[in-house]
Amino acid sequence: MDIPGIGVWICDCAGLISDRVDTTLLAEKAQTLENVSLVKRVDILCHSRGLEQLKEELVSSRTVNRILLVGCSPRTSLKFPEERITDIMRSVDLSSDFFEVANVREQAAWLSESRDEATRCALDLMLMAHARLEGVQAGTKQVKIAQKSLVIGAGPAGLQAAKDLAALNQKVTLVERGSYLGGKMCQLPFLFQCEGWPAYCTSLCVGPVHAKDVILNPNVTVNTRAEVSNIVKKEGNFLTTIKKSPRFVNEDTCISCGKCAEICPESCFSVYNTGLFKRKAIDKDFERAVPDCYTIVDQACTRCGDCLEVCPTGAIDIEAEPQTETDTFGAVFLATGLDQYDLKDNPEYNAAAFSDVVSSIQFERILENGLKRPSDGKIPESVVFVQCAGSRASKEKKGTGVPYCSKTCCSITVKQAERLAMANQLVEITIIYYRDIRAYERALENFYRNVRDMGIDFVNGEVLAITGDEDGAMRVKVEAVISEDDELAGEITAEEATILDLEADLIVLAHAQIPERSSAQILKQLGVTCDQFGFPLENQPRIFRPGESFIDRVYVIGSSSGPKVVQHAVEQGGAVVTKALPTLLAGTKGTSKYHSVINVETCSLCRICETICPHGAITITATEAVSDPAFCQACGLCQSACPVHAARLVNLNDKQILDQARVAFSNLASGEPKLLALLCYWCSYAGADLSGVKGFKIPLNFRSIRLRCSSSVSTGLVMALFKTGVDGILIAGCPHKSCHHRWGNYLVDKRIALLKNLFRQLGLSEKRIRFEYIGVPQSELFVKTIESMTTSLRQLGPNPMVSFDRETENLAAM
Ligand code: FES
C-alpha cells in the first residue's frame, strides 16, 4: 500500500443520524485526523445514488485508498451496503481490507436523548474507527483450491452427494470401506418413506440403482474396500492417502456369471448378512451389489485356484496386493454412518449368552433369508422386541448406555413387527418399549397405530433379565408399567403382576446408535470438533450452516452427524453440495481480512493453540506452528491462549484493540466513568445495536469494540486496557451453546472469573470487570448491564491503576 489516504464519508441517514448527532462537527473533526485526504457528507449513502456518488468521488479523489464510513451498524442495519461498498473498492483497484465503519447510528444517535452526549460518543466512535483503519494491513489473499471432492462413505448420503456433485461436473473420489455401494441401506429390504407406509425398496431396487448412477458417472472415481489412512490440511486443501485392499477380481472384466462361486470349495460368514449366514470365499455380497463384481474374502480363500480355471474372462487375480494412492481435495464430505452400541456392560440383556438374541439389523437379514432362529434353524413361535437397548440412559432407566434417543429404532421395530405378523400369523409378537413409542414423521404415528391394532402386544416396561429355562427356551423378565391405556387396550390387566415373565424363541434388541467407530481417526486428523458422544458437531449457527462442520469445507452428512432415516440422509447429502459448490467452481478461496498468524521466533511449540483452535487451522510440526489462513475463521482463541504472545489475529490484535481504547473516551464529559465494552460481533454487538433500534436510552459513557469472538480477550489484554485508563470493562459473548467458535464464550467466562480473583488479591474491585452472555434479542440485558456497571463505576471512582506497565509496552511493540 502506498501512502495512506483516508476518505471519510459521513452519512446523515436522511436525518436519522443528523437530527441527533452534529454531523457537521463530525466532518470538521474528520478533516483534522491523520492521513485523511477527503471528507464527504452524504444525505443517504445506502441508496443507489449515494453509492454512485461514493464511487465517483473515490475515482476523482486520486488520493483516497482507504474508506472510513461514519453511519449505521454493519452488523444489524438491514440496509448497510457492505458488499456493495467493497465491490466498488475492488472495481477501482482498491483492497476492500481498507474499509472501516463507525457505527454512530445504533450505538450513539439512537441511544441518547442528549444531542451533545450522542455527538461526543459519535466523535469517539469515529476516532476508534480511524485508529482501526490506521492499523489495518492487507490480509486477504486468494488460495488455490483443488476442484475435486472426497466423499468418505458410500451410504445413502455419500452416494447422493457424489451423484449431485458429479451432475454439476465436479470431480469426486468416493471411498467406501465395504465391498459394495449403498452401505447399511442395502441390508434393509424395506425402506421408510416418511410420507407413507414402508415400501419394498432398497436392496433390490433403490440401492443398486442409486449406486449404478454413481459408479457409471465418469466424474466419479469409486474406491470400494478402501479407507482414508491419512488426511492432512495444507494451504487450504486436504492431502489424502487412500489405502485400497484388493478385491482379487477385476471390476472391469468380471461378468458376474457366478461360476467361480459355484466351484469354490470354501465358505465363510457373510458380513453383509451380519455374520448369520454363510457365503463362498469368492462370492457377491448380494445379488444386486454394485460394483457388479465378485469378491474374494482373503482370510477364507486357500488359494486353491479352482476359480481361476472356470472364470471365462480371466478376471481373477488371487495374488493381488493392497495399493496406496495420494490425492489432494478441496472439499471433504464425511458420510461415515453409524455403529451400534455395545451392550457388553448391560447384563440385563445377557446378549452374548444366547445366539437367539439378535440386533435389529440382524433381524432384517433373518426376515430376508427366511424366518428361522440362528441357534437351531427353527421357526420362532414367539418374538420379543426390546426397544431402547442402550438408548435414553438415565438414573431412572436400568442399565448403561447413551442418554439420547436413537430416533429411528421405534419405527424400524414397528416396521419389522408388521412384516413379521403379515408373514407368519401364528407367531406371538411382543414389543417392550421404554415409556413411549417415538414414531417420528407425519405418517409413522398412524402406521404405528395400525400395527398396534394388528394384535401385537406393546408393553411399556424395562427388561430386568434374559435367562434360559431347562428346555433351552429363553425367558424375558420385564418390569411393566400398567397404565389405564394398557387396560383399555386389553393388553395387560391391572390384576396381573407388574413383573412379567415372557417366553421368547427370538429376541430382537434395538441397539442404541453411536458414531461409526473407525471414523474417529479421520475426524481427529481433520481436527473436526465432536460432541461428547463422538458425533461431529455442525457449525454454529446451525440454522445458517447445516451440514457444515467447524472445519471449512468439511461437511458432515447422513447419519455421521446423528441417527437418521434413509430419506433424510439422502436429502442432506444432496443439500450440502450447494455449500461446497461456490469454492469448488471458483477453484480459489479468498482468505479473510482477519486471520491468525504465529510468530515462529517466539513460538515455544507448546501446542496450546493447536488444541484450542475449534477450526483445525493450526498445525504444529517438529519445528514450527503454522496457522492456515484458508481454514482460520478468525475467532482469536489462539491469540488469547498463547502464553508467549506468538499467536496474533491479523487486523484485530491486542495492539489494535489498545489503539482503539486509547482514543475511545477522548470526548467523554469529564468526571464520567469510562466503560469499555468488548462485544462479540455475532451476538452481543447486535444486542447492543438493537438497544438503539428499540429506542432504549442509556448513559453514553460506554464505547464498544467489535470482536470476532469474545474469546479473543486475554487476561493480559484486560490488564493492558485498564492501564490505558478505562474505569471498567464489559466483555460480552454469545449466549450459552451459541458461540460461533464452539467454546469461546465459556473460555473467556472462566478467564474473567480467574481475573476477578486476581483483582481481589490486588485490592481492586471486581465490579470493574464483567462477563455477560448477551444474545441478539437480549438488548434489555445489555442496557441493564451498562446501567448497573455505570452506577458501580460512579461509586468506585477512577481506575487506580497507573498507565502503561511493561506488559503494555510489550503488547504495544507487537
Ligand atoms: Fe460470539 Fe464466540 S462468537 S462469543
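Quantities reported herein were computed from a predicted structural model and do not represent experimental measurements. (Residues numbered from 1 in each chain as written. Predicted model: local features only at pLDDT ≥ 70, side-chain atom pairs only at ≥ 80, totals over all residues. Heavy atoms only, no water.)

> Hey, could you go over the overall build of the protein chain for me, with residue numbers and the actual values?
From N to C terminus, the protein chain includes 22 helices and 37 strands. Reported as C-alpha extents along the three principal axes, the dimensions of the protein chain are approximately 95 × 70 × 50 Å. Across the 814 residues of the protein chain, 58% fall into the buried class. Accessible surface computed for the protein chain: about 34100 Å², of which carbon and sulfur atoms make up 50%. Across the protein chain, the centroid of the 88 positively charged side chains sits 7 Å from that of the 99 negatively charged ones. (Helix = DSSP H or I, 4+ residues; strand = E, 2+ residues; numbered from the N terminus. Buried < 20%, exposed > 50% of the residue type's maximum accessible area, 1.4 Å probe, protein only. Areas by Shrake-Rupley, 256 points an atom, 1.4 Å probe, with all protein chains shown as cover. Lys, Arg positive; Asp, Glu negative; His and termini not counted. Charge placed at Lys NZ, Arg CZ, Asp CG, Glu CD.)

> Explain helix α3 (residues 82-91) to me, and be specific about the residues and the numbers.
Because an α-helix completes one turn every 3.6 residues, residues spaced three or four positions apart along the sequence face the same direction. Of the positions making up α3, those classed as buried are Ile-85, Thr-86, Ile-88 and Met-89. Within α3, the buried residues cover an arc of 150 degrees as seen down the axis, which keeps them to one side. Backbone geometry just downstream of α3 places Asp-93 in the positive-phi region, at approximately 65 degrees. (Arc of directions from axis to C-beta.)

> Could you give an account of the pattern of salt bridges, with specific residues and numbers?
All chains considered together, the criterion is met by 44 salt bridges. The partner of Arg-662 in a salt bridge is Asp-659, and the shortest N-O contact between them spans 2.9 Å. Here Arg-662 and its partner Asp-659 are both found in helix α17 (residues 654-663), 3 residues apart, which amounts to about one turn of the helix. Several salt bridges share partner residues, and in doing so they unite Glu-100, Arg-132, Lys-593 and Arg-706 into one network. (Salt bridge = Lys/Arg side-chain N within 4 Å of Asp/Glu carboxyl O.)

> An account of the sheet that holds strand β34 (residues 675-680) is requested, with residue identities and associated values reported.
What the 4 strands build is an open sheet, ordered β35-β34-β36-β37; its pairing is parallel. Lying at the two open borders of the sheet, with one neighbouring strand each, are β35 (702-707) and β37 (769-773). Ignoring which end each strand starts from, the neighbouring axes of this sheet average 20 degrees apart. Examined bridge by bridge, β34 and β35 share 6 bridges and lie parallel to one another. Considered in β35, the bridge of Leu-676 is made with Arg-703. (Pairing = 2+ DSSP bridges. Axes fitted to C-alpha atoms, helices over the stretch in contact; angles between N-to-C directions.)

> Any chance you could break down the packing of aromatic side chains for me, citing the residues and the numbers?
With the rule as written, the count across this model stands at 17 aromatic pairs. Ring plane angle 75 degrees and centroid distance 5.3 Å describe the contact between Tyr-448 and Phe-458, whose orientation is recorded as edge-to-face. Residue Tyr-448 is found in helix α11 (residues 444-452), and its partner Phe-458 is found in strand β23 (residues 457-468); the two are separated by 10 residues along the sequence. You can call Tyr-448 buried: its relative accessible area is 8%. Judged by relative accessible area, Phe-458 falls into the buried class, the value being 0%. When the centroid spacing of 4.8 Å and the interplanar angle of 90 degrees are considered together, the rings of Phe-771 and Tyr-773 count as edge-to-face. We note that Phe-771, like Tyr-773, is buried. Among the aromatic residues, those joined into a cluster by ring pairs are Tyr-180, Tyr-272 and Phe-286. Residue placement shows Lys-397 over the ring face of Tyr-434; its charged tip is 5.3 Å from the ring centre. (Phe/Tyr/Trp six-rings, centres within 6.5 Å; stacked < 30°, edge-to-face > 60°. Lys NZ or Arg CZ within 6 Å of the ring centre and 35° of its normal.)

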